[in-house]
Amino acid sequence: MSASTIAPPSDTSPRASALPPAPTMPRPSTRLLNPSTPPDPRYLAHAQLPFAGLVVVITVLAATMGQFTRESTPLVAGLLLAIISTTVAFVIPWRRLGASWLAIVAIADMIVVAFYSNALYAVLPGVVILIVFPVLWLCYAFRWPLLLLGIAGAFGVTLFPFIRDGAFPATTADWAGVLLLPAATSLLAVAVHIAVVRLREEQSKVRAIATELTDRDVMTRAVLDTVDAGITLYDPEGNVLLTNALLHTPLLSEPTPSATQIGDEADVFEMDRTTPMPLGDQIVARAARGELVTRRTFWVSAGAQQRAVDATSQYARRASGELIGTVVATHDVTQLAEAIRSRDEFMSTISHELQTPLTSIMGYLELLEDRPELESAGITHEFAVIQRNSMRLHTLISALIDTAQDQVSVDRRPYDLTKLVDNAVNAAHGTADAAGITLTADAEPDTVAEINADRISSVLDALVANGLTFTPRGGSVTVAVRTEGDDAVIRVTDTGTGISAADLPRIFDRFFRAASARKGVIPGSGLGLSAAKLVVDAHRGTIVATSTEGEGTLVTVRLPLRSVDIGEKGPDVEPVPH
């Protein structure tokens, strides 16, 4: 949740309630300003510039007409007042003083017009056009009282020369010519005032809507950032419109050059964790095409990390049905996938541990089945119950074993074994350093073979872990890979305790643990090397161990560079259930 959405906790203690209220600064008076949102005083001050410019033009015309004489006091007074009002409009801090006081500038402008009209009306009747500026200013920025003052000023300025001389128009036509300008100016001012009031009311509504939309956006963002899923909205062209805070890891690769990439470059794989997912089938590309996906699970990796992702998409449409985009929700289900894998491993282990004693029990039951002593002892029924339940256990264990065998089916593709060796060594460096063991890789570059990379990687991990487990501090483990003929050869050499000649033939047996492991109480299930052999056998390769007790062990894995017909292929791992 973003910080902007978290309100600070209120202090409701008695101490807080006893505190005096915080002082508030006096608000500037806006009682004379237009209703709704008043205009910025800076813009009102700038409105003085056209008036001042026209005053300068008229003054220049008056000077060229010889009107500036010793008797032209009204003209000089008007010019000085215009200069003062323009200066005041820009110098006074109206925000602090109160924007309503700007009306003084408009009133001063009307006085300027009166002076100029008094001095120039006889030679320049059009000078009264100056009254339009202060009147429009008053009708735009202020309420009705000042608007009426402006209208009265328009008529007053127009009639002032006639009142001064005592000679009024004689005919109706003359009166119409005199009053047309102030009347038109007054009507225009009223119309502008009404339009401005309506406009500002609409602006207030728009601002209220904008505030509401902003609040909704903040709340939506807070909800999205709280959801335990990566959320992305794509427009119909595949561009990213919205993501939430959880979507920081590289989960998806971009579908088109125009689309925004999420995170760093990532590889996307099918559920077998090795088959690359075609670009056109990836979730981003499908979302860009407007296709819906429901509970699609795949694996993504960036570097050595690999995560299971479950994705679902849905359309986002307007009320009219027009498509806005496609929303994609992604969940990291790696823990679930790993839990399923751990469950399968556990069930596989349990099934094999139960199989041996059950096989022995069923063997002895077969021996006892035809013995006449059963009937004479009166336990034929009990014996049948034992046989039936033994068969039931056998069926159950066989099913578990079949499930475990599916995990060694391989789907092979060309892969650089050098990279796998480097990854295995890098992954185990932490363990090696903690144990004081030197772990090195000696890989021939570009050793490419058709393999199941995940399976061979697990073999390498098991062999490296085995070497580290049985190598004392100060020893070393080396992983090498070479091409020899038609085979890729992996050799894992350690300087550990070694394996006795009696135990060496059995180290690849399921659940077998060497005597040194048992005596040293070294934890383990005895399944690592047996599982490695199953994987190598599935690749039609070989795995052989040579060892000298007290000196170390060498495990050699040979894999054909090219695949051969190995029968029906299956998925590497059981898919994560939807």
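The structure this text deals with has already been given above.
Residues numbered from 1 in each chain as written. Predicted model: local features only at pLDDT ≥ 70, side-chain atom pairs only at ≥ 80, totals over all residues. Heavy atoms only, no water.

Participant: Explain the packing of helix H8 (residues 144-165) against helix H9 (residues 172-226) residue by residue, including any values.
Facilitator: At a minimum axis separation of 10 Å, H8 and H9 run at an interaxial angle of 165°. Our classification of the angle between H8 and H9 gives roughly antiparallel. In the crossing of H8 with H9, the sense of the turn from one axis to the other is right-handed. Where H8 abuts H9, its residues Trp144, Leu147, Ile151, Ala154, Phe155, Thr158, Leu159 and Phe162 lie against Trp175, Val178, Leu179, Pro182, Ala183, Ser186, Ala189, Val190, His193 and Ile194. Residue classes in the contact of H8 with H9 are distributed as 15 nonpolar, 3 polar and no charged. (Axes fitted to C-alpha atoms, helices over the stretch in contact; angles between N-to-C directions. Helix = DSSP H or I, 4+ residues; strand = E, 2+ residues; numbered from the N terminus. Parallel < 35°, antiparallel > 145°, perpendicular 65-115°, else oblique. Left-handed = near helix turned anticlockwise from the far one by under 90°. Contact = heavy atoms within 4.5 Å. Nonpolar A, V, L, I, M, F, W, Y, C, P; charged D, E, K, R; others polar.)

Participant: Any details on the nonpolar core? Residues and values, ideally.
Facilitator: By size, the foremost hydrophobic cluster in this structure holds 37 residues, and its most contacted members are Leu417, Ile456, Leu460, Leu463, Val479, Ile490 and Ile543. Membership of the second largest hydrophobic core comes to 34 residues, among which are Leu75, Leu120, Leu147 and Ala154. (Core = buried A, V, L, I, M, F, W, Y, C linked by side-chain atoms within 4.5 Å. Buried < 20%, exposed > 50% of the residue type's maximum accessible area, 1.4 Å probe, protein only.)

Participant: Could you give an account of helix H7 (residues 132-141), with specific residues and numbers?
Facilitator: Burial within H7 is extensive, with 7 of its 10 residues counted as buried. The set of residues buried in H7 consists of Val132, Pro134, Val135, Trp137, Leu138, Cys139 and Ala141.

Participant: Which residues make up unusual backbone geometry, and what values do they have?
Facilitator: We note that Asp446 has phi near 55°; this positive angle belongs to a residue other than glycine. Locating Asp446 in the fold gives a position in the loop between strand E8 (438-443) and strand E9 (448-451). What makes Asp446 exposed here is its relative accessible area of 63%. In this structure, Arg540 takes a positive phi of about 60° despite not being glycine.

Participant: A description of the pairing of strand E5 (residues 305-317) should follow, citing residues and the corresponding values.
Facilitator: In this sheet, strand E6 (residues 323-332) lies alongside E5 in antiparallel orientation, the contact comprising 9 bridges. Bridged to Gln314 within E6 is Val327. Hairpin connection of E5 to E6: 5 residues between the antiparallel strands, including Gly321 at a positive phi of 95°. (Pairing = 2+ DSSP bridges.)

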